[in-house]
Amino acid sequence: MNLRTLPIFLAFLLMGVADAMGPLSSAVSTNPVMAALMPFFVFIAFAVFSVPGGLLSARIGKKKVLVLGLALNTLAVGIPAFLNPPFVLLLPCIFLLGVGTTLLQVAGNPIMRDVSSAGDYSRNLALAQGIKGAGSSASAYLVTAVTSLAFFAAMGWRGAFPIFFALMALALLAVSFLKVDETKAEVPPSIRSSLALLKEPVFALAVVGIFLYVGAEVCMGAFLKPALQALGRGEKEAALFGPALFFGALTVGRLVAGSLKVQPHTFFRISALLGLTGLAMLMTGSGPLALPGVLLGGLGFANIWPMLFSITVEAKPERASELSGLMCMAISGGAIVPLIMGRLGGGARPLAFAVPLACFAYLASLSWRSRPRQTSSK
């Protein structure tokens, strides 16, 4: 492994801290509306700051934006680590964490290409996404695990924040001292030039693909548990063999892809077909097919993001920061697509899985399109 990738992998691991705000919210407030504001403030930051983050990355450099994101995150988790903030101060901290994490995503995905050896970008990006998934699970687990330690337990819901702060500060130092030879655009971009990329079908289709993929993934996280309960499984069993199995398979799939020399287009096709198969099994409403469907779905979902992202960036690497901003903005699909599935009955009705199935049908069609022409090589 190229040692220059290690600080970037650490940054990906810490992107998962933002995902812990959902499990943490119920411990912070028993008011469901107030609790929902915490993940909402993280999520909305992606919609607002992804494209500006991509422009900033293209102008000042991906490393500087990565450092800025880590600095914002260190400040965001540092306040609850050392103070007991009221809710009105906590929300700005959570929003700041969302902004910082958005910058990490926007700069981290394309900078991985700059620190990877030739031909290793797709593999390293798949591994990075697997590490991010592990970071999400570990951060969510840490929120509850620290309650068993007297020192941290005394801090209540803030118990995990000193650990988050220490790791963020470590990553900030590691990335700050990293030397990166970045691929940059010859002309400083603007919002207009960034949006103009959507006029090229290969990029517009990729952005739509990310939008649908994230939406489908959020659908699985939200509706797998009630779907298995509707098939007669108990609450704990449904949680274990629903979201836990799905995200476990997703993380394993990314880690496996990150350990292999993968051909991005082939792996993209395999992933899309696995996802389609798993979703079709769930849509039948058959109890015996449900668990294999969840497992195949998780493996299929695993590498859509890294393969589609890397294929798109390799088509025009000098515009990587702008493309990253556009694709990270498409994470907003996680707010829209689940609403459609919910309107169809969510997990209570197997037919509702037609929504993520349709998303994967699009991704499968996208995976069989002709390869985009590369404008430069690493």
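Scroll up to find the structure.
Throughout, a residue's number is its position along its own chain's written sequence, starting from 1. The predicted origin of the model limits local features to residues at a pLDDT of at least 70 and limits the giving and counting of side-chain atom pairs to 80 or more, whereas totals for whole chains, interfaces and linings rest on all residues. Side-chain numbers here rest on the full set of heavy atoms in the structure, without hydrogens or water.

*Asks:* Where do I start with the overall build of the protein in this structure?
*Replies:* Helix and strand definitions follow DSSP, with helices as H or I runs of at least four residues and strands as E runs of at least two, each counted in order from the N terminus. Secondary structure summary: the protein contains 17 helices and zero strands in total. Here the C-alpha atoms of the protein give a radius of gyration of 20 Å, agreeing with the 21 Å that 2.2 N^0.38 yields for 378 residues. When its C-alpha atoms are laid out on the principal axes, the protein stretches across 60 × 50 × 40 Å. A sequence separation of at least 24 residues applies to 82% of the contacts in the protein between residues at least 6 apart. Of the roughly 15,500 Å² of accessible surface on the protein, 69% is carried by carbon and sulfur atoms. The charge count includes Lys and Arg as positive and Asp and Glu as negative, but it does not include His or the ends of the chains. Just so you know, the charge point we use is NZ for Lys, CZ for Arg, CG for Asp and CD for Glu. Looking at charge distribution, the protein has the averaged site of its 27 positive side-chain charges lying 2 Å from that of its 13 negative ones. Only the C-alpha atoms count toward the radius of gyration. The rule for a globule is 2.2 Å times the residue count to the power 0.38. Here, two residues are considered to be in contact whenever any of their heavy atoms come within 4.5 Å of each other. Here the accessible surface of atoms and residues is derived via Shrake-Rupley with a 1.4 Å probe, and residues count as covered only by protein chains that are part of the display.

*Asks:* Looking at this model, I keep getting lost on the nonpolar core. Mind explaining?
*Replies:* Grouped burial of nonpolar side chains is what soluble globular proteins tend to show. As used in this record, nonpolar core signifies buried Ala, Val, Leu, Ile, Met, Phe, Trp, Tyr and Cys residues forming a set joined through side-chain atoms within 4.5 Å. A 1.4 Å probe rolled over the protein chains alone gives each residue an accessible area, and that area as a share of the maximum for its type sets the label: buried under 20%, exposed over 50%, partly exposed in between. Met-21, Tyr-213 and Phe-301 are the most contacted members of the largest nonpolar core, which has 105 residues in total. Among the elements that take part in this core, helix α10 (residues 201-230) stands out by supplying 14 residues, more than any other. Beyond its immediate sequence surroundings of up to four residues, Phe-301 is in contact with Tyr-213, Ala-216, Glu-217, Met-220, Phe-246, Leu-250, Arg-254, Leu-279 and Phe-360.

*Asks:* Would you explain a nonpolar patch on the surface in this entry?
*Replies:* A contiguous nonpolar patch, built from Phe-40, Ile-44 and Val-48 and spanning about 240 Å² of accessible area, is present on the exposed surface. The residue Phe-40 is located in helix α3 (residues 32-60) in this model. The patches reported here contain residues having more than 30% relative accessible area and no salt bridge. Joining distances are 9 Å for like charges and 5 Å for nonpolar side chains (Val, Leu, Ile, Met, Phe, Trp, Tyr). Any Lys or Arg side-chain nitrogen located within 4 Å of an Asp or Glu carboxyl oxygen qualifies as a salt bridge.

*Asks:* Would you mind going over the environment of Val-187 with me for this structure?
*Replies:* Tracing the sequence through the fold places Val-187 in the loop between α8 (161-176) and α9 (191-196). By relative accessible area, Val-187 is classed as exposed at 60%. C-alpha separation for the pair Val-187 and Arg-59, spaced 128 residues apart in sequence, amounts to 9.0 Å.

*Asks:* Explain the packing of helix α4 (residues 62-82) against helix α5 (residues 87-115) to me, please; I cannot follow it from the model alone.
*Replies:* Helix packing geometry: the angle between the two helix axes and the distance between the axes. Here α4 crosses α5 at 155 degrees, and the two axes come no closer than 7 Å. Judged by the angle between their axes, α4 and α5 are roughly antiparallel. The hand of the α4/α5 crossing is left-handed. Only Asp, Glu, Lys and Arg are considered charged in this grouping, and only Ala, Val, Leu, Ile, Met, Phe, Trp, Tyr, Cys and Pro are considered nonpolar; every other residue, Gly among them, is considered polar. Of the residues assigned to the contact of α4 with α5, the class counts are 21 nonpolar, five polar and three charged. Here an angle of 0 to 180 degrees is reported between the N-to-C directions of two axes, which are lines fitted to C-alpha atoms, with helices fitted over the stretch in contact. Throughout, the term roughly parallel applies to angles under 35 degrees, roughly antiparallel to angles over 145, roughly perpendicular to angles from 65 to 115, and oblique to all others. Crossings are assigned a handedness: left-handed for a near helix turned anticlockwise from the far helix by less than a right angle, right-handed for a clockwise turn.

*Asks:* Looking at this structure, how should I read the packing of α10 against helix α16 (residues 333-343)?
*Replies:* Axis separation between α10 and α16 bottoms out at 7 Å; the angle between their running directions is 55 degrees. Judged on the interaxial angle alone, α16 and α10 are oblique. Regarding α10 and α16, the two cross each other, and that crossing is right-handed. Counting all contacts with α10, which are made through Phe-211, Leu-212, Val-214, Gly-215, Ala-216, Val-218, Cys-219 and Phe-223, the residues of α16 involved are Gly-333, Gly-334, Ile-336, Val-337, Pro-338, Met-341 and Gly-342. When grouped by side-chain class, the residues that make up the contact of α10 with α16 number eleven nonpolar, four polar and no charged.

*Asks:* I'm lost on the packing of aromatic side chains in this one. Help?
*Replies:* Any aromatic ring pair is given by two values, namely how distant the centres are and how the planes are angled relative to each other. A pair of Phe, Tyr and Trp rings is counted when the ring centres sit within 6.5 Å of each other, with Trp represented by its six-membered ring. The angle between the planes then sorts it: under 30 degrees is stacked, over 60 is edge-to-face, the rest tilted. Summed over the entire model, instances satisfying the criterion amount to ten aromatic pairs. Here Phe-246 and Phe-301 contribute two aromatic rings whose centre-to-centre distance is 5.0 Å and whose plane-to-plane angle is 80 degrees, an arrangement assigned as edge-to-face. One end of the pair, Phe-246, is in helix α11 (residues 235-258); the other, Phe-301, is in helix α13 (residues 287-302), with 55 residues separating them in the sequence. Assigned by exposure class, Phe-246 and Phe-301 land together as buried. By way of ring pairs, the aromatic residues Tyr-213, Phe-246, Phe-247, Phe-301 and Phe-360 are connected into one cluster. As a reminder, the over-ring test applies to NZ of lysine and CZ of arginine, requiring each to be within 6 Å of the ring centre and within 35 degrees of the ring normal. In this arrangement the basic side chain of Arg-269 is found over the ring face of Trp-368, its NZ or CZ atom lying 4.4 Å from the centre.

*Asks:* What am I meant to see in the pattern of salt bridges here?
*Replies:* Inspection of the entire model under this criterion finds eight salt bridges. The shortest N-O distance in the salt bridge between Asp-120 and Arg-123 comes to 3.2 Å. Comparing Asp-120 with Arg-123 shows no difference in burial state: the two are buried. Note that Glu-235 is salt-bridged to Lys-225, the shortest N-O span being 3.3 Å. You can see Glu-235 sitting in helix α11 and its partner Lys-225 sitting in helix α10, a full ten residues away along the chain. Given the relative accessible area of 53%, Glu-235 is considered exposed. By relative accessible area, Lys-225 is classed as partly exposed at 25%. Each of the salt bridges in this network shares a partner with another, and the network as a whole consists of Lys-62, Asp-114 and Glu-182.

*Asks:* Sorry, what's going on with helix α12 (residues 264-283) here?
*Replies:* For an α-helix the count is 3.6 residues per turn, leaving residues at separations of three or four pointing the same way. An expected span of 1.5 Å times one less than the residue number is assigned to each helix. For α12, built from 20 residues, the straight-helix expectation of 28 Å at 1.5 Å per residue is met to within 8% by its first-to-last C-alpha distance of 28 Å. As used in this structure description, the phrase polar contact means that two N or O atoms lie within 3.5 Å; if the pair is within protein, one of them must be able to donate a hydrogen and the other to accept it, and residues adjacent in sequence are counted only when both atoms belong to side chains. Here α12 starts with a cap whose side-chain oxygen sits 3.0 Å from the backbone nitrogen of His-265, and that cap is Gln-263.

*Asks:* Can you help me understand the side chain of Gln-105 in this one?
*Replies:* Its location among the elements puts Gln-105 in helix α5. A relative accessible area of 5% places Gln-105 in the buried class. Apart from residues lying up to four places away in sequence, Gln-105 is in contact with Met-15, Phe-46, Pro-110, Gln-129, Lys-132, Trp-305, Ser-324 and Cys-328.

*Asks:* In this structure, what is going on with the side chain of Ser-321? I would like to understand it.
*Replies:* Positionally, Ser-321 belongs in helix α15 (residues 320-329). Reaching out from Ser-321, the side chain makes a polar contact with the side chain of Ser-57 at a distance of 3.0 Å. The residues contacting Ser-321, other than those within four sequence positions of it, are Gly-54, Ser-57, Ala-58, Lys-62 and Val-106.

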